[in-house]
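Spelled out, the chains give:
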Amino acid sequence: MTADSPSRRAPETARELLGEMRRWPIFDPHSHIDPHRPAARDLDEVLGYHYYTELAHSSGMPAADVAPELPPRARAENLARRLSALDNTVQHSWLIEIARTFHGFQGDRIGPGEIGDLYDRALHDRDGAAWDERVWKATNLERVFLTNEFDDPLEGWDTDRYVPCLRTDDLVLKLHEPRTIERLRAATGVDVGDGAGLREAVVKLFERFVAKGARACAISLPPDFAPRRAAPKRAVTPIRRAIRGMDLRPDEHDEIRGTVFWTLAECCADFGLPFDLMIGPIRNVYPAGVAGGRDLFDRRVSLHEYRELFNHFAGVTFPVSTLSPDAGAELVAYSWIFPNVLPMGHWWYSNIPAFIAADLKARIQAVPKVKLLGYYSDAYKLEFILPKFDMYRRILAETLAEEGMSKQGWTADRALEVAKLALVDNPRRVFPKRGREGVAAI
Amino acid sequence: MTADSPSRRAPETARELLGEMRRWPIFDPHSHIDPHRPAARDLDEVLGYHYYTELAHSSGMPAADVAPELPPRARAENLARRLSALDNTVQHSWLIEIARTFHGFQGDRIGPGEIGDLYDRALHDRDGAAWDERVWKATNLERVFLTNEFDDPLEGWDTDRYVPCLRTDDLVLKLHEPRTIERLRAATGVDVGDGAGLREAVVKLFERFVAKGARACAISLPPDFAPRRAAPKRAVTPIRRAIRGMDLRPDEHDEIRGTVFWTLAECCADFGLPFDLMIGPIRNVYPAGVAGGRDLFDRRVSLHEYRELFNHFAGVTFPVSTLSPDAGAELVAYSWIFPNVLPMGHWWYSNIPAFIAADLKARIQAVPKVKLLGYYSDAYKLEFILPKFDMYRRILAETLAEEGMSKQGWTADRALEVAKLALVDNPRRVFPKRGREGVAAI
Amino acid sequence: MTADSPSRRAPETARELLGEMRRWPIFDPHSHIDPHRPAARDLDEVLGYHYYTELAHSSGMPAADVAPELPPRARAENLARRLSALDNTVQHSWLIEIARTFHGFQGDRIGPGEIGDLYDRALHDRDGAAWDERVWKATNLERVFLTNEFDDPLEGWDTDRYVPCLRTDDLVLKLHEPRTIERLRAATGVDVGDGAGLREAVVKLFERFVAKGARACAISLPPDFAPRRAAPKRAVTPIRRAIRGMDLRPDEHDEIRGTVFWTLAECCADFGLPFDLMIGPIRNVYPAGVAGGRDLFDRRVSLHEYRELFNHFAGVTFPVSTLSPDAGAELVAYSWIFPNVLPMGHWWYSNIPAFIAADLKARIQAVPKVKLLGYYSDAYKLEFILPKFDMYRRILAETLAEEGMSKQGWTADRALEVAKLALVDNPRRVFPKRGREGVAAI
């Protein structure tokens, strides 16, 4: 065995691949960034990320320790006292990378002894836009997608950097709540009173979003949702009842959810927008949890329920994320068969190295490389994009070094081809800028 | 740490184990080989494997590009233009291994620039049988099992090499289609009119298959199929209605499927045949797909539904394959408890290195080695047996080197004992030749 | 690449971590040890562990070969003839470690040629208590939890070493069997006749168990069990019918199971006991199996069914084990969100290195380290605690060396912090000694 035999080189090779990948710009096709305040103004906005509050709460911190009415510094101090309980987690490693990269922190743990100085270093309330720009540049960001409520005015920022994306959960899952209809009327000017009015309003939403630079429609769906071809006549009465805020039977709720969802898919087809499906979350499973830390899932979910959707809308691209880590293998199979199904990123409870590595290996071995949508940050603040993408890029580099180069004999260039597609080229192609001609073509 | 410490030796050890395994003959207990045309006559028959057409279609190729009415060379050229989109997949690696091993190809990718020359090299339409023999020998094949429809005449080939296997999907799942009953009558000479006639016909099928050298009965079953002990009286009317081509209620379909399946299991018991269960596929989930690329699965499946079958037929050996990759762990548990349940190969959507490696590790750690049925090719053309077995043997070698030798301190001989059983000895023992005495013993 | 680059050091680092871990005492929070006969008196009591009898039976041994009426030596000899069929399994490796550590065995396989001498070496029927003590010391045991039936008198042993644990399966799942009510009456002196009497009796059980040093309540639950908040009025009649041994409808069984289970959780809250949930087994799936080798599971199970329980009993700690290996990822998510849900050990069909390694990696990456309950032996005889914990500690060391040190840059001390919590500190904290003050506080 020589010193440079393939397997012994794998770790070093991975580092070299990673070095190359880190020179590429980041295209982030899904986040919750607020374009008016993209980077964190203080450390509380970093530590307030639900991963830290929920993990701290899960390990014993009272929810009151991070209550909204507390001063930001107090919240940060309270949380810092709890970080040692969770400093084994990958989420903690993102925090350390942020502190080191953006705030000149030197250590590898943050506790009561470090929090004061770090809080001061991370304070950027007076230089907001300049700080946003610094984080953007340091991250080498090309584009970051937002998650916009349907009545977001979509104004006041550069939509080429912060790309609008129409989030449609409320329309599908909360149409029966009076507030939803009111918002829809206000946003579209349509006096929604029945199914026809609803459709007219939804079309107006798409027109406005596309005109404002939106490049995707997105929705998160519970595990028991099963899209079925809409039967408009059957839905007439339930939709009218929902709009009027009347009580609904479970089957009427199903009819409404199904009909609105199908209408959205039709608009995605008409307007040429990809429809991001984020499958799995059940909201408010743990009501006593901290904000953002109350949702979970039921692992008994299958993409087989989506067959009619994928077949019917052959012209719509469906970037799919699954929440339950054990559902990842099924997504590989559906992406391998359906041209319009693309595996997208590694989401939330599936976004930890153990699950990413397993899913990624299978995707690289069985899904055409032109269909891989590698990663998105899901971040609320710009600072998180870099450590999350770095986590993913490290795993991608290790996987390509081991499975591609060491076991399949690929060259580094060939491994990097796959990485470049997953990270940059495919997202650019799947989520292109939609010009006026795009709108006009409908 | 010395240069030859266990873990640093693992990759080299794996190569040595692999070298040894590659000297053994291949016993392939499941394929779709056509014994009249076992090896590919041209490259179109290689590229026509559904893995290539479906992955190319999934990445954008119109199904018309590989339509049956096109000249074979045109199909191959069309497909070659698409291979770059999927050259990351393990299926692509089989193709390259075929081109190199059998056709003197030197490169590591096949595109428009290579396809012409390669097509010429791979043309063997004039030397069919001799080419079959060359591939057979180069593959070091001992035996390959076929998948024969129940009305296959089973004549015209050496059944000791190409071993018949009775495929029973149509009998169980399509008894209500008039064509099935017609074929059954034609194949058996029994004027099937009711349940008794059906059983008589099925027994005749088994007699004929066993007399012709069949060594297994096989079936693929959808995830919602749940075998239940047959209640012949309850099935009388549904079966008669099915035979007459009358409309059936869903519960009648269930009754028929269950009854015919149970009858097959009884025949396996009577004739001493193993019953291969291939659990999971749902047919035609994506109707617009290419031939062979339309089936998928629902991951919500459990072997618990098979408990009554495994208990009742204690004397029947059930080699089991599961389609959903995440169902593999359950198969390990059922194989560990039930003497008559054996984990068999790594099938279709589960047949990629990431899933094979995970399943294999668990099988080797928890299933008695005498029960491991390592691998089968599932191939349609002989050329694929070698690269597919090589993929499996490489993973087997890596697993044994790492988990057995490095972590458990096994010697290489001990690792090879396990490999030999899984690859050669167990398949020979579980699927023995059934002589006249076998038939006579009923 | 230098000789001591991180990844090349991982195997050696793992050995160093393991060496340190092996110096710590073992805290074993779940076993089936008989405190009156904790260590094996002869080799038959070792080989009689269901793993060996069931794996041997699964690979062809008739159940009669290990029938209770045989002399112990004959059973051991019969089993030894079968061990070669399963010497690949991890369970076999425990056996060899026992033979080497406790009985001076030198080989690496046990067959007919070795069994006689080994049987003689392992005979300790004359020096029972002294042998128990030797095994206890050699194992470096601190504490081992028992599994006590509710009517166990809990007398005659040191409950600080052998800690009582109230096992409640019979109360929840077999209340309708006359024997259960009789035993309950005898154990508590309460003339149980209705729901109120049942509750009074259960409270008495908890009082007695806590007074005798119990530190946990435990139950194993089938996959279709879904805890629901008790509706005492609705349960009045079914419980009375059950107590009187009358026939019950399925919905009445559900009502009873749910009500008794909820009562147990209330008592855990009142008495401050953790409630171990062991989710998954279905009893007697393979009735013809050997003793202890008849149970399996249905993998379609979800912790989502437990949401109401986890929410309602916020003050009760629920150490959770799941049986289906593919359910492990969901447990990670629920432990990450719910403060009172802790992932506990790696159980039964999930207790093999392939599944442990995958689950452990995810737990270390996503569950706060203060919540990890690393491992328990589930053993019936003391001798098994050491090899099972050694298997786990080896995997823990490898995981920390690779994922923590090599990939996250942790120091060895930091890796050992996590290990110490999982193995020793967390179990001590979660299962503390309950003094009189604990009881008095109710």
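Residues numbered from 1 in each chain as written. Chains lettered and ligands numbered in written order. Predicted model: local features only at pLDDT ≥ 70, side-chain atom pairs only at ≥ 80, totals over all residues. Heavy atoms only, no water.

A. Representation of the interface of chain A and chain C in the model. Contacts between the two partners involve 43 residues from chain A, matched on the other side by 40 residues from chain C. Between chain A and chain C, the buried area comes to about 3600 Å², and carbon and sulfur atoms account for 56% of it. The interface formed by chain A and chain C contains six salt bridges. Between Arg300 of chain A and Glu305 of chain C there is a salt bridge, with its nearest N and O atoms 3.1 Å apart. Counting every contact that joins chain A to chain C gives 24 residue pairs in polar contact (both at pLDDT 80 or more). For the side of chain A that touches chain C, the secondary-structure elements that each account for two or more residues are helix H1 (6–21), helix H3 (50–58), helix H5 (90–103), strand S8 (296–297), helix H15 (353–366) and helix H16 (385–408) of chain A. With five residues, H3 of chain A is the largest single contributor of residues to the side of chain A that touches chain C. In terms of residue class, the side of chain A that touches chain C is made up of 19 nonpolar, ten polar and 14 charged. (Contact = heavy atoms within 4.5 Å. Buried area = accessible area lost by both parts, 1.4 Å probe. Salt bridge = Lys/Arg side-chain N within 4 Å of Asp/Glu carboxyl O. Polar contact = N/O pair within 3.5 Å; in protein donor to acceptor, adjacent residues only side chain to side chain. Helix = DSSP H or I, 4+ residues; strand = E, 2+ residues; numbered from the N terminus. Nonpolar A, V, L, I, M, F, W, Y, C, P; charged D, E, K, R; others polar.)

B. Up close: the sheet that holds strand S10 (residues 341–343) of chain C. All names here are of chain C. Pairing within the open sheet is parallel, and its five strands lie in the order S4-S5-S6-S9-S10. A single partner strand is all that each edge strand has here, and the edge strands are strand S4 (165–167) and S10. Geometrically, the sheet is characterised by an average inter-axis angle of 25° between neighbouring strands, direction not taken into account. Contacts between helix H12 (residues 250–271) and the sheet are confined to strand S5 (216–221) and strand S6 (275–279), with S6 contributing the most and set at about 145° to the helix. (Pairing = 2+ DSSP bridges. Axes fitted to C-alpha atoms, helices over the stretch in contact; angles between N-to-C directions.)

C. Representation of the nonpolar core within the structure. Grouped together as the largest cluster of nonpolar side chains are 479 residues, with contacts concentrated most on Leu277 of chain A, Leu277 of chain B together with Leu277 of chain C. Ignoring any residue separated from it by four or fewer positions in sequence, one finds Leu277 of chain C in contact with Ile219, Leu221, Phe261, Tyr306, Leu309, Phe310, Phe318, Pro319, Val320 and Ser321 of chain C. (Core = buried A, V, L, I, M, F, W, Y, C linked by side-chain atoms within 4.5 Å. Buried < 20%, exposed > 50% of the residue type's maximum accessible area, 1.4 Å probe, protein only.)

D. Examining the sheet that holds strand S2 (residues 141–145) of chain B more closely. All names here are of chain B. The strand order S1-S2-S3 describes an open sheet built from three strands, whose pairing is parallel. Each of the sheet's edge strands pairs with one partner strand only, and the pair in question is strand S1 (26–28) and strand S3 (162–163). When S1 meets S2, the two strands line up parallel, connected through three bridges. Across the sheet, residue Phe27 finds its bridge partner in S2, namely Arg143.

E. Local environment of the interface of chain B and chain A. Opposite the 43 residues of chain B that make contact, chain A presents 40 residues. Summed over both sides, the interface of chain B with chain A buries roughly 3600 Å², with 56% coming from carbon and sulfur. Here chain B and chain A share six salt bridges between them. Applying the counting criterion to the chain B and chain A interface returns 24 residue pairs in polar contact (both at pLDDT 80 or more). When residues in the side of chain B that touches chain A are grouped by element, the largest group, five residues, is from helix H3 (residues 50–58) of chain B. The class makeup of the residues in the side of chain B that touches chain A is 19 nonpolar, ten polar and 14 charged.

F. Geometry of the packing of helix H11 (residues 232–243) of chain B against helix H12 (residues 250–271) of chain B. All names here are of chain B. Following both chains from N to C, one finds H11 and H12 inclined at 100°, their axes separated by 9 Å at the closest point. It follows from the interaxial angle that H11 and H12 lie roughly perpendicular. Seen from H11, the contacting residues are Arg234, Ala235, Pro238, Ile239, Arg241 and Ala242; seen from H12, they are Glu252, Glu255, Ile256 and Thr259. Grouping the amino acids of the contact of H11 with H12 by side-chain chemistry returns five nonpolar, one polar and four charged. (Parallel < 35°, antiparallel > 145°, perpendicular 65-115°, else oblique.)

G. Here's a closer look at the pattern of salt bridges. Summed over all chains, the structure comprises 138 salt bridges over all chains. With a closest N to O distance of 3.5 Å, Arg241 of chain C and Glu252 of chain C form a salt bridge. A residue pair is termed long-range when its members are at least 10 positions apart, and Arg241 of chain C in helix H11 (residues 232–243) and Glu252 of chain C in helix H12 qualify at eleven residues. What you see here is one network of salt bridges that share partners, running through Glu142, Arg143, Asp160, Arg215, Asp425, Arg428 and Lys433 of chain A.

H. View of the relation of the copies chain B and chain A. Taken as rigid bodies, chain B and chain A are interconverted by a rotation of 120° and an axial shift of 0.0 Å, the fit giving an RMSD of 0.0 Å. Read as a symmetry element, the transformation amounts to a three-fold axis. Comparing interface residues between copies, only 9% of those in chain B also sit at the interface in chain A, which points to a heterologous contact through distinct surfaces. (Least-squares fit on C-alpha atoms with pLDDT ≥ 70 in both.)

I. Geometry of the confidence of the model for chain A. Scored by pLDDT, chain A comes out at a mean of 94, with 96% of its residues at no less than 70. A low-confidence stretch, residues 1–6 of chain A stays under pLDDT 50, and its non-local contacts, those more than four residues away or across chains, total eight contacts. (pLDDT = per-residue confidence, 0-100.)

J. Geometry of the domain arrangement of chain A. All names here are of chain A. Per the domain assignment, the segments making up chain A are domain 1 (42–123) and domain 2 (128–440). Distance between the C-alpha centres of domain 1 and domain 2: 29 Å. Counting residues at the interface gives 19 residues for domain 1, matched by 27 residues for domain 2. Summed over both sides, the interface of domain 1 with domain 2 buries roughly 1900 Å², with 71% coming from carbon and sulfur. Per-residue buried area on domain 1 facing domain 2 is highest for Tyr49, Trp94 and Phe102; these three make up 35% of the total on that side. Inspection of the region where domain 1 meets domain 2 yields one salt bridge. Across the salt bridge formed by Glu45 and Lys381, the nearest N and O atoms sit 3.4 Å from each other. For the interface between domain 1 and domain 2, the tally reads four residue pairs in polar contact (both at pLDDT 80 or more). Among the elements of the structure, helix H2 (43–47), H3 and H5 are those that each provide at least two residues to the side of domain 1 that touches domain 2. At eight residues, H5 tops the list of elements feeding residues into the side of domain 1 that touches domain 2. (Domains from an automatic or database assignment.)

K. Highlighting the packing of aromatic side chains. Scanning all chains against the criterion turns up 84 aromatic pairs over all chains. Summarising the aromatic geometry, the rings of Tyr49 of chain B and Tyr51 of chain B are spaced 4.8 Å apart at their centres and angled 85° between planes, so their arrangement reads as edge-to-face. Judged by relative accessible area, Tyr51 of chain B falls into the buried class, the value being 1%. The residue whose ring lies beneath Lys420 of chain A is Trp24 of chain A, and the NZ or CZ to ring-centre distance is 5.7 Å. (Phe/Tyr/Trp six-rings, centres within 6.5 Å; stacked < 30°, edge-to-face > 60°. Lys NZ or Arg CZ within 6 Å of the ring centre and 35° of its normal.)

L. Quick look at the pairing of strand S9 (residues 318–322) of chain B. All names here are of chain B. Where burial is concerned, most of S9 is hidden: five out of the five residues are buried. Side-chain alternation along S9 places Phe318, Val320 and Thr322 on one buried face and Pro319 and Ser321 on a second face that is also buried. Where S9 meets strand S10 (residues 341–343), three bridges bridge the pair, whose relative direction is parallel. Bridge pairing links Pro319 to Leu342 in S10.

M. Expanded view of the pairing of strand S5 (residues 216–221) of chain A. Residues and elements named next belong to chain A. S5 sits mainly inside the fold: six of its six residues count as buried. Neither face of S5 is left uncovered, since the one carrying Ala216, Ala218 and Ser220 and the one carrying Cys217, Ile219 and Leu221 both have all their residues buried. Here strand S4 (residues 165–167) pairs with S5 via three bridges, running parallel. Across the sheet, Leu166 pairs through a bridge with Cys217, a residue of S5. The sheet contact formed by S5 and strand S6 (residues 275–279) spans five bridges and is parallel. Along S6, the bridge assignment pairs Cys217 with Phe275.

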